[in-house]
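Analysis of the macromolecular model
Residue strings, one per chain:
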Amino acid sequence: MPDYTALQVVWFVLISILWLGYFVLEGFDFGVGMLIRAVGRDDAEKRAILHTIGPLWDGNEVWLIVAGGATFAAFPQWYATLFSGFYLALFLILVGLIVRNVSFEFWGKGESARWRRGWEWAMIVGSAVPALLWGVGWANIVHGVPIDGHMEYTGTLFDLLHPYALLGGVATLLMFLTHGAVFLSLRTEGDLGERARAIAGRVAPPAAAVGIAFLLWTVLAHRGGVDVASAVVAVISAVCLVAAAVLVRRSAGRAFVATALGIVTFFVALFVDLFPHTMVSSTSAAFDMTLNASSSSSYTLTVMTVVAALLVPVVLVYQAWTYWVFRQRVSAADFGEVRSPLDLLAARREDEGEGDELGPAGSRS
Amino acid sequence: MTALELARWQFGITTLYHFIFVPLTIGLALCVAIFQTKWHRTGEEHWLRATRFWGKLMLISFALGVATGIVQEFQFGMDWSNYSRFVGDIFGAPLAMEGLAAFFVESTFLGLWIFGWGRLSKKVHLLCCWAVALSTALSAYFILAANSWMQHPVGYRMADGKAELTNIAAVLFNNTALYAFAHTMLAAVLTAGMVLIGVSAWNLRQGRETSVFGGTMRIAVPMVALAAIATVIVGHFDGILMTKQQPMKMAAADATFNTEHGAGLSLFATGDFKSNPEGLNRNIEIPNLLSWITTGYPKGEIRGINDINAEYQKKYGPGNYTPIVAVAYWSWRGMLGCAFAMLGFAAWGWWLLRKGRLRDSKWFLRLAVPLSVLPFIASSCGWVFTEMGRQPWVVFGLLKTDVANSPSVSAAEIWITLVGFTLLYGVLAAIAGRVFLKAVKKGPVEAGKAEDPGQELALAY
């Protein structure tokens, strides 16, 4: 007798898809957020960078909200144990996301250099903290955490910070960083695109190395021997991550497909590893939470299946349309301030070699 | 303080803060959609400027609402895991539907609206604005359906000590939810309307952009007057429904301790600040009015707190089933007081408008600015009343609040998040307020000037 019904499997898969969608979409805007100062040198460039994700990041984040809501609806016990157990880690993630969200909105609402620098750092930290902690969190879910017979987490924040989990965090951080850099090189022109490509070239190999190391550890450490299905997916992910590192200097488009597939398969490997559980107890295998023990009633799952079947395709269509509408590359030239003749003279002097060291023309404002 | 008390404070603070932005965003989205439609229909430039000016203010509110909304989605599990385990089978469904049906539309089409100026055809762009406005309203419906189940559980059975869904239609079309939705949507229109009036009045006093702000006033003043009347009327019927569904809450709102025939409406009363004082120390009331409002008869019966408490003790076992009477009593009066003040103010404004004297009425324009805080006080009071008036229950009749929090989360952990969120929210409030005022002072941009209106509109980007 398996510990699950068909409907429960459907919802486990659907929730996995929501998380995958979240990581592959928000993954690049985490990366872009972290790179705002590294790629953008002046305000016009930074504004151009923000415009690459401006119309998209909010829609990307909704994948997380829906993943949370769907987990609550389909597997309330999972939702309750996970969210109360990972309490402080989630708090840090929430603070990061809040700070990041408002930083996009507020960055351009003030002109002073201090104001903008402040929000840029908010963007960087607010993107990096969740990018790191989501990896730490999912590594822990797969690895197992102290859970008692009442499905209650019995550890502290520090029980989540062991080497395997931290490696997972660094892996997601680097993968999202690469994903974002490739996205930027795909969506921007000129100097911006060049700089993004150079950064992508530098971070893609370590991202692949750490990602593969983490996957290897995951496969080898699986309870009760290697899970073949998870191992196969992990190999595919490894191939994609390596491909991304190779392709990144040749074709931004192909590299983006590779990082996207690499991230998706990375998490698929984790979900396959986790199945048929929702939480693993490191206290005792008897306390592992199965799909069946975590799930809502079959009536609720049926209702939600109908709702999802009706709405998810529609969501995919209009989100895809947004990406189509905003497919054009952006360049800093689209966002430059109106220049006075004096500025133009200054810019020409710089072009004639008075020094890249002094910074580009746009930084004078 | 215990973990339970801290978790309650946390929920109260984060939720009330979130709800500053929710009605403002819902109402403003609707107004912006109306202004853009006017521009689309008439081609008059001042409607375009109004669209973009109010759109900018809406986006600030939107950003804060979205940012603080994630906390709402997570904290049921974080702080209230026993609650989540108990209600998940039912409560999670509307939450997930809210995300799938409303949040995806809202976020995607908001992005299209902000960045789509000049890129989308005018008609498609206008439709994006309406998609945002309607999806914000839809999201309100789902979350209110979820909340209404806590006020009045329907369509469920008990299984293994948990509530299990048996009828989704009953949950989604719960009469409590229908009233709450109407009441909340009208309050959202009222909120946006008061902000429109306040900001327009400030600009009119300075003689700035009179075509834009005069136009806004002509829409906003009647809108507030009508919305205020409608909110009060719907609220009245909601109250009658509540008398049936949660008689204790309404008895506490009126501070009626003993069952009376021909109960008076209390205007000012003092008692001891605890859940069940023996009686009132001082009470000024209008005779028979409460009976008349609630039952339709001046001598109608109003059940008192003590009698209801005795009944509940028989039904649910020993214990105290009374909310903190002073909180229920004053939050209810705070809400109604603000509502009537807004109604009076808007009626005065409408009269001035019809006489053509609004723009010269120094006092109306001067008062409009501070009075724009009234709808925020009213909705905060409304939520405090509806949530604290339900205590000791978190799900009425089924689950008590004192067993609903997370057993695995310690008081120290909640202290960290409580202080963290409060500080963060405080800082954000100060910054958002500054940015909001700055956008107001900057005023509507000249429509023709910016080469890329999207850039000017979003400003952030």
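What you see is a predicted model; the values in this text were computed from it and never measured.

Procedures and definitions
Residues numbered from 1 in each chain as written. Chains lettered and ligands numbered in written order. Predicted model: local features only at pLDDT ≥ 70, side-chain atom pairs only at ≥ 80, totals over all residues. Helix = DSSP H or I, 4+ residues; strand = E, 2+ residues; numbered from the N terminus. Rg over C-alpha atoms; globule rule 2.2 N^0.38 Å. Buried ≥ 20, exposed ≤ 12 C-beta atoms within 10 Å, placed from the backbone. Contact = placed C-beta atoms within 7 Å. pLDDT = per-residue confidence, 0-100. Domains from an automatic or database assignment. Nonpolar A, V, L, I, M, F, W, Y, C, P; charged D, E, K, R; others polar. Axes fitted to C-alpha atoms, helices over the stretch in contact; angles between N-to-C directions. Parallel < 35°, antiparallel > 145°, perpendicular 65-115°, else oblique.

What follows concerns the overall build of chain B. Scanning chain B from N- to C-terminus turns up 15 helices and eight strands. Radius of gyration (C-alpha) of chain B: 23 Å, near the 23 Å computed for a compact globule of 461 residues. For chain B, the C-alpha atoms occupy an extent of roughly 70 × 50 × 40 Å along the three principal directions. Looking at chain B as a whole, 52% of its 461 residues qualify as buried. Within chain B, counting contacts between residues at least 6 apart in sequence, those at least 24 apart form 77% of the total.

Turning our eyes to something else, we now look at the confidence of the model for chain A. Chain-level pLDDT for chain A is 88 on average; 91% of the residues reach the 70-or-more range. In the model, residues 351-365 of chain A has pLDDT below 50 throughout and makes 19 contacts with residues more than four positions away in sequence or in other chains.

The next subject is the domain arrangement of chain B. It is common to give the size of an interface as the accessible area that goes away when the parts come together. Residues and elements named next belong to chain B. Domain boundaries assigned for chain B yield domain 1 (3-241 + 326-458) and domain 2 (247-322). Relative placement of domain 1 and domain 2: their C-alpha centres are 31 Å apart. Counting from both sides, the interface comprises ten residues of domain 1 and, opposite them, ten residues of domain 2. Of all the secondary structure elements, the ones that give two or more residues to the side of domain 1 that touches domain 2 are helix H7 (210-245) and helix H11 (325-355). No other element matches H11, which puts four residues into the side of domain 1 that touches domain 2. Residue composition of the side of domain 1 that touches domain 2, by class: seven nonpolar, two polar and one charged.

Residues and elements named next belong to chain A. Closest axis-to-axis distance for the helix H1 (residues 6-34)/helix H8 (residues 163-187) pair is 7 Å, and the angle between their directions is 80°. Between H1 and H8, the angle is such that the two are roughly perpendicular. Facing Gly27, Phe28, Asp29, Phe30, Gly31, Val32 and Met34 of H1, the residues of H8 in contact are Met175, Phe176, Leu177, Thr178, His179, Gly180, Ala181, Phe183 and Leu184. Residues of the contact of H1 with H8, tallied by class, amount to ten nonpolar, five polar and one charged.

Looking now at the interface of chain B and chain A. Counting residues at the interface gives 61 residues for chain B, matched by 59 residues for chain A. At 23 residues, the largest contribution of residues to the side of chain B that touches chain A is made by helix H3 (residues 81-115) of chain B. In the side of chain B that touches chain A, the residues fall into 37 nonpolar, 16 polar and eight charged.

So, about the packing of helix H4 (residues 57-74) of chain A against helix H13 (residues 298-325) of chain A. Residues and elements named next belong to chain A. Two elements in contact, H4 and H13, have axes separated by 13 Å at closest approach and are oriented at 175°. For the element pair H4 / H13, the angle class is roughly antiparallel. Of H13, the residues touching H4 (which contributes Gly59, Ala73 and Ala74) are Thr300, Leu301, Met304, Gln319 and Thr322. Partitioned by chemical class, the residues of the contact of H4 with H13 number four nonpolar, four polar and no charged.

Our focus in this paragraph is unusual backbone geometry. The omega torsion of the bond from A:Phe275 to A:Pro276 falls at 0°, within 30 degrees of zero and hence cis. As for its placement among the helices and strands, A:Pro276 is situated in the loop between helix H11 (252-274) and strand S1 (277-279). The omega torsion across B:Gln391 and B:Pro392 is 10°, close enough to zero to call that bond cis. Unlike most non-glycine residues, B:Glu209 shows phi in positive territory, near 45°. Relative to the helices and strands, B:Glu209 is located in the loop between helix H6 (175-205) and H7. Residue B:Glu209 is classed as partly exposed on the basis of its C-beta count, with 19 C-beta atoms lying within 10 Å. Even without a glycine there, the phi angle at B:Ala255 is positive, about 50°.

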